[in-house]
Amino acid sequence: MAPETRLKTTLDNGLQVILQESHVAPVASFWIYYRVGSRNELPGTTGISHWVEHMLFKGTEQFPRGEFDRAVARAGGLFNGMTTQDWTTYFETFPADRIELALQVESDRMANAVFEPGEVESERTVILSEREGSENSYFYLLSEEVQAAAFQVHSYHHPIIGWKSDLQSLTREDLYRHYRTYYTPNNAVAVAVGDFDREQMLARIADFFGAIPRGPAVPPMRLVEPEQRAERRVVLRGRDRTGYLLLCFHAPAATHPDFFPLMVMDAVLGGAKGMGMLGGNANNRSNRLYQALVDRDLAVAVGSSYRPTVDPNLFSFYATLAPGVHHQQVEDALWAEIVRIQEQGVEAPELEKAIKQTRAQFVYSSESVTYQAYWLGFSEMVASIDWLDGWLDQLSAVTAADVQRVARQYFAPHRQTVGWYVPDDGSDAS
């Protein structure tokens, strides 16, 4: 991504704007990011950000329900929205000469979403069904239990989709108040990447968004997770005959100096991953965990996960047990790989491979204008554009000593939260 073709500014109403020209193809992508997610939710209103995201697809007076979908189809574009722990976003990618439709729709639903009561009730049913569908997976249930156990104070404790009792009790007024509080120009970042002149694009964004009044001051997020001082364990039982294991440790936020050494450690153990909008899964079998658990028939799947977030979050290991294997065998094997890095570090060729593969994943995940716009907005949400511009240099600067140091600092038995899913039909060795 070329900073020399970029423009960053803020409109008078507080809307941040990031524009980057890319004339490789006659297409453009427009994203609007809001600084709100499950991180901003309190007990009793969990899931409200995800629900509001759905409601903004329900239409306005200008674009009644379904009209925007048809307009996008006629223009040959694509669109979607998503809610995470830290942010919510909507995006459209169009032929460059039709990108103004995205500005028109996003400015309209920032100010004029209807929240018709019948649609609120209809969406309650949809979201409850979505949650109940996830509950059919014991791995999902275990993940939810472990996340809740790992965070005692911070709102990362809550699932993004929300607790069922909250979804049953939230009202149309709750949702509309949340919308008016957080989905405002002074809590948003507009990002466009593509085949346009950035000064002309800025003028068009100012035309569509500039008259929207500022919203109220966003409530400060004051919850800080205290240091974990004791091991926590969760044992979930159920009818699924496949055993799962999760092993999690608190790890720093994206802006912390140890973020990049931990990301390299993640690549060494579980394989390099793309962190773009479709990234996240490792794509090789040469990583340490695969060799230690899958190749030795302890697990049929294994991996690690560490992603950039606003506040400190979790570095996680996960495994799907092979038939007849005891959970403790898998937990011991995972710990053996952690201890191996703590005591022996990583060899230079392995470090070089992890960094090279992570750099490649970064490039793959930022190939198109859609992915580039995602990265720009995502980076501004969890850190800053400067963080993104320095991403490759900071990654490349990680040393073997850095990886060994963070392995010793963040991974200890008293810092772990462990989750076992154990089949209760007697088929598991646990």
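By the naming in an unreviewed UniProt entry, the protein chain is Insulinase family protein, taken from Litorilinea aerophila.

Using the criterion set out here, one finds two cavities of 30 Å³ or more in the structure. Quantified by volume, the largest cavity comes out at close to 100 Å³. For the largest cavity, the lining is made up of 13 residues, of which Leu 56, Gly 59, Phe 63, Phe 68 and Arg 109 are closest to its centre. Listing elements by their share of the lining of the largest cavity, those giving two or more residues are helix H2 (67-75) and helix H3 (100-112).

Below, the discussion takes up the packing of aromatic side chains. The tally for this structure, following the rule as stated, stands at 38 aromatic pairs. Look at Trp 31 and Tyr 33: their rings are 5.8 Å apart centre to centre, the planes differ by 15°, and that puts the pair in the stacked class. What makes Tyr 33 buried here is its relative accessible area of 0%. Note on Phe 362 and Trp 375: the rings are 4.9 Å apart at their centroids and 65° apart in plane angle, and the pair reads as edge-to-face. With Phe 362 in helix H12 (residues 348-364) and Trp 375 in helix H13 (residues 369-382), this pair connects stretches of sequence that are 13 residues apart. Judged by its relative accessible area of 0%, Trp 375 is buried. The ring of Phe 57 has Arg 109 sitting right over it, with the charged end atom 4.8 Å from the ring centre. Residue placement shows Arg 172 over the ring face of Tyr 176; its charged tip is 4.6 Å from the ring centre.

Strand order across the open sheet formed by six strands is S1-S2-S6-S3-S5-S4, with mixed pairing between neighbours. If you trace the sheet from one side to the other, it starts and ends with strand S1 (6-10) and strand S4 (78-83), each paired once. Sheet twist, expressed as the average angle between the axes of neighbouring strands with direction ignored, equals 10°. In this structure, strand S2 (residues 16-21) lies alongside strand S6 (residues 188-194), joined through six bridges in parallel fashion. The residue of S6 that forms the bridge with Gln 16 is Val 189. In this fold H3 packs onto strand S3 (27-34), strand S5 (88-95) and S6, with an angle of close to 155° to the strand it touches most, S5.

With that settled, consider the sheet that holds strand S10 (residues 313-321). The mixed open sheet is built from five strands, whose spatial order is S7-S11-S8-S10-S9. With one partner strand each, in any of the chains shown, strand S7 (232-238) and strand S9 (299-305) form the two edges of the open sheet. Averaged over neighbouring strand pairs, the angle between their axes works out to 10° when direction is ignored. Both strand S8 (residues 244-251) and S10 contribute to a ladder of eight bridges, which runs antiparallel. Looking across to S10, one finds that Cys 248 is bridged to Ser 316. Strands S7, S8, S10 and strand S11 (416-423) of the sheet are contacted by helix H5 (residues 138-150), whose axis makes an angle of about 30° with S8.

Packing of helix H11 (residues 327-344) against helix H16 (residues 400-410) brings their axes to within 8 Å, and their N-to-C directions diverge by 125°. Regarding the angle of H11 to H16, the classification is oblique. In this structure, H11 crosses over H16, and the sense of that crossing is left-handed. Note on element contacts: H16 touches H11 through Val 403, Gln 404, Ala 407 and Arg 408, opposite Ile 341, Gln 342, Glu 343 and Gln 344. Here the residues of the contact of H11 with H16 are counted per class, giving three nonpolar, three polar and two charged.

Taking the UniProt record as the reference, the feature "domain: Peptidase M16 N-terminal" (unreviewed entry) is found at residues 17-161. Taken end to end, residues 17-161 comprises 42% helix and 19% strand; its first and last C-alpha atoms sit 29 Å apart.

Looking at where Leu 7 falls in the secondary structure, it is placed in strand S1. Take Leu 7: its relative accessible area is 11%, and that puts it in the buried class. The spatial distance from the C-alpha of Leu 7 to the C-alpha of Arg 198 is 6.9 Å, given a sequence separation of 191 residues. Discounting chain neighbours no more than four positions away, the residues touching Leu 7 are Val 17, Ile 18, Leu 19, Arg 198, Glu 199 and Leu 202.

With that settled, consider the pairing of S3. Counted residue by residue, S3 has seven buried out of eight residues, so it is predominantly covered. When S3 meets S5, the two strands line up antiparallel, connected through eight bridges. Bridge pairing links Phe 30 to Glu 92 in S5.

Tracing the sequence through the fold places Leu 223 in the loop between helix H8 (198-209) and S7. When the C-alpha positions of Leu 223 and Gly 243 are compared, they lie 34 Å apart, and in sequence the two are 20 residues distant. Each residue touching Leu 223, except ones within four places of it in the same chain, is listed here: Val 153, His 154 and Ser 155.

Our next topic: unusual backbone geometry. Positive phi, normally seen in glycine, also occurs at Phe 115, with a value near 55°. Locating Phe 115 in the fold gives a position in the loop between H3 and helix H4 (117-134). Despite not being glycine, Asp 297 shows a phi value in the positive range, around 65°. Relative to the assigned elements, Asp 297 resides in the loop between helix H10 (288-294) and S9.

Parameters at a glance
Residues numbered from 1 in each chain as written. Predicted model: local features only at pLDDT ≥ 70, side-chain atom pairs only at ≥ 80, totals over all residues. Heavy atoms only, no water. 1 Å grid on protein atoms, 1.4 Å probe; cavity = no way out; pocket = protein on both sides within 12 Å on 5 of 7 lines; lining within 4 Å. Points joined across faces, edges and corners; volume = space filled by probe spheres on them. Helix = DSSP H or I, 4+ residues; strand = E, 2+ residues; numbered from the N terminus. Phe/Tyr/Trp six-rings, centres within 6.5 Å; stacked < 30°, edge-to-face > 60°. Buried < 20%, exposed > 50% of the residue type's maximum accessible area, 1.4 Å probe, protein only. Lys NZ or Arg CZ within 6 Å of the ring centre and 35° of its normal. Pairing = 2+ DSSP bridges. Axes fitted to C-alpha atoms, helices over the stretch in contact; angles between N-to-C directions. Contact = heavy atoms within 4.5 Å. Parallel < 35°, antiparallel > 145°, perpendicular 65-115°, else oblique. Left-handed = near helix turned anticlockwise from the far one by under 90°. Nonpolar A, V, L, I, M, F, W, Y, C, P; charged D, E, K, R; others polar. UniProt positions renumbered as here; feature names shortened; annotations may be inferred.

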